[in-house]
Amino acid sequence: MENAIMFRKRGKHMHIIIKRFNELTTQQLYQIYKARVDVFVVEQNCPYHEIDDYDPTSIHIMGYDNDQLVSYLRVLPPHATFDTASIGRVLSLVRHKHYAQTLLKEGIQVAQTAFHADTITIEAQTYARSLYEKLGFVQTSAPFLEDGIEHIQMQYKNTLQIQNKEDNKTKK
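Before going into details, it helps to say that this report is about the structure given with it. Every value quoted in this text rests on a predicted model; they were computed, and no experiment measured them.

Mapped onto the elements of the fold, Leu135 is located in the loop between α3 (129–134) and β7 (138–139). The buried category is assigned to Leu135, whose relative accessible area is 11%. As for Leu135 and Thr102, which are separated by 33 residues in sequence, their C-alpha atoms are 9.9 Å apart. In contact with Leu135, not counting residues within four places along its chain, are Gln101, Leu104, Lys105, Ile108 and Tyr156.

For the rest of this paragraph, the subject is the pattern of salt bridges. Tallied over the entire structure, the rule returns nine salt bridges. Among the ionic pairs, Glu43 bridges to Arg95, the shortest N-O distance being 2.9 Å. Separated by 52 residues along the polypeptide, Glu43 in helix α1 (residues 26–43) and Arg95 in the loop between β5 (85–92) and α2 (99–114) bring together distant segments of the chain. When its relative accessible area of 44% is taken as the criterion, Arg95 is described as partly exposed. In this structure, the salt-bridge partner of Arg89 is Glu50, at a minimum N-O distance of 3.0 Å. Taken as a pair, Arg89 in strand β5 and Glu50 in the loop between α1 and β3 (59–65) lie far apart in primary sequence, 39 residues in all. A single burial state applies to Arg89 and to Glu50, both of which are buried. Each of the salt bridges in this network shares a partner with another, and the network as a whole consists of Arg36, Glu50, Asp52, Asp55, Arg74 and Arg89.

What follows concerns unusual backbone geometry. Trans peptide bonds make up most of the peptide bonds, and negative phi angles are found at most residues other than glycine. Its identity is not glycine, yet Asn66 carries a phi of approximately 50 degrees, on the positive side. Overall, the relative accessible area of 61% leaves Asn66 in the exposed class. The backbone of His79 sits at a positive phi, close to 70 degrees, despite the residue not being glycine. Residue position: His79 is located in the loop between β4 (68–76) and β5.

The subject of this paragraph is the nonpolar core. With 30 residues, the main nonpolar core has Ile61, Leu73, Val75, Ile87, Ile120, Tyr132 and Phe137 as its most contacted residues. Within the residue set of this core, elements represented by two or more residues are β2 (12–20), β3, β4, β5, α2, β6 (119–125) and β9 (149–157). The element contributing the most residues to this core is α2, with seven residues. Discounting chain neighbours no more than four positions away, the residues touching Val75 are Ser58, Ile59, Ile61, Ser86, Ile87, Gly107, Val110, Ala111 and Phe115. Ile32, Val39, Leu69 and Leu91 belong to the second-largest nonpolar core, a separate cluster that totals 12 residues.

Criteria and cut-off values
Residues numbered from 1 in each chain as written. Predicted model: local features only at pLDDT ≥ 70, side-chain atom pairs only at ≥ 80, totals over all residues. Heavy atoms only, no water. Helix = DSSP H or I, 4+ residues; strand = E, 2+ residues; numbered from the N terminus. Buried < 20%, exposed > 50% of the residue type's maximum accessible area, 1.4 Å probe, protein only. Contact = heavy atoms within 4.5 Å. Salt bridge = Lys/Arg side-chain N within 4 Å of Asp/Glu carboxyl O. Core = buried A, V, L, I, M, F, W, Y, C linked by side-chain atoms within 4.5 Å.

Structural data, given as structure tokens:
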């Protein structure tokens, strides 16, 4: 399923690679785990089991700049963590270049294509709410603590896809 896309913005570029778990090279897997531990465990001082049982069923989206991993997220199928498809482990190792936003747009497309998702759920750190809102996510829960960090649940709804499903039901 390797799918590579080149993203260019203001003279900068990010090469996007999309793979299922069993398609990842050992180098890519190492880079993913290192980045996730660096950001979520070390930088945020949040000791927890970063490597979990969801990676094997997820689709991994990696952003590279000059062969360096600069951004990452994973797309999980419905019923892995929520009833809907979900996006998690969103990170950017380079700030202020919109890499996370670019990968999130790609993640939405992957969830819709690979998992036929009309709704996508995330648990976002509250400080990042505006990033997700810009892409159409809406807050669906009160703030809560997860591993000592305030989060909110948010959902993205593809209203066109939902409408098409409802139209198909009424035609039957």
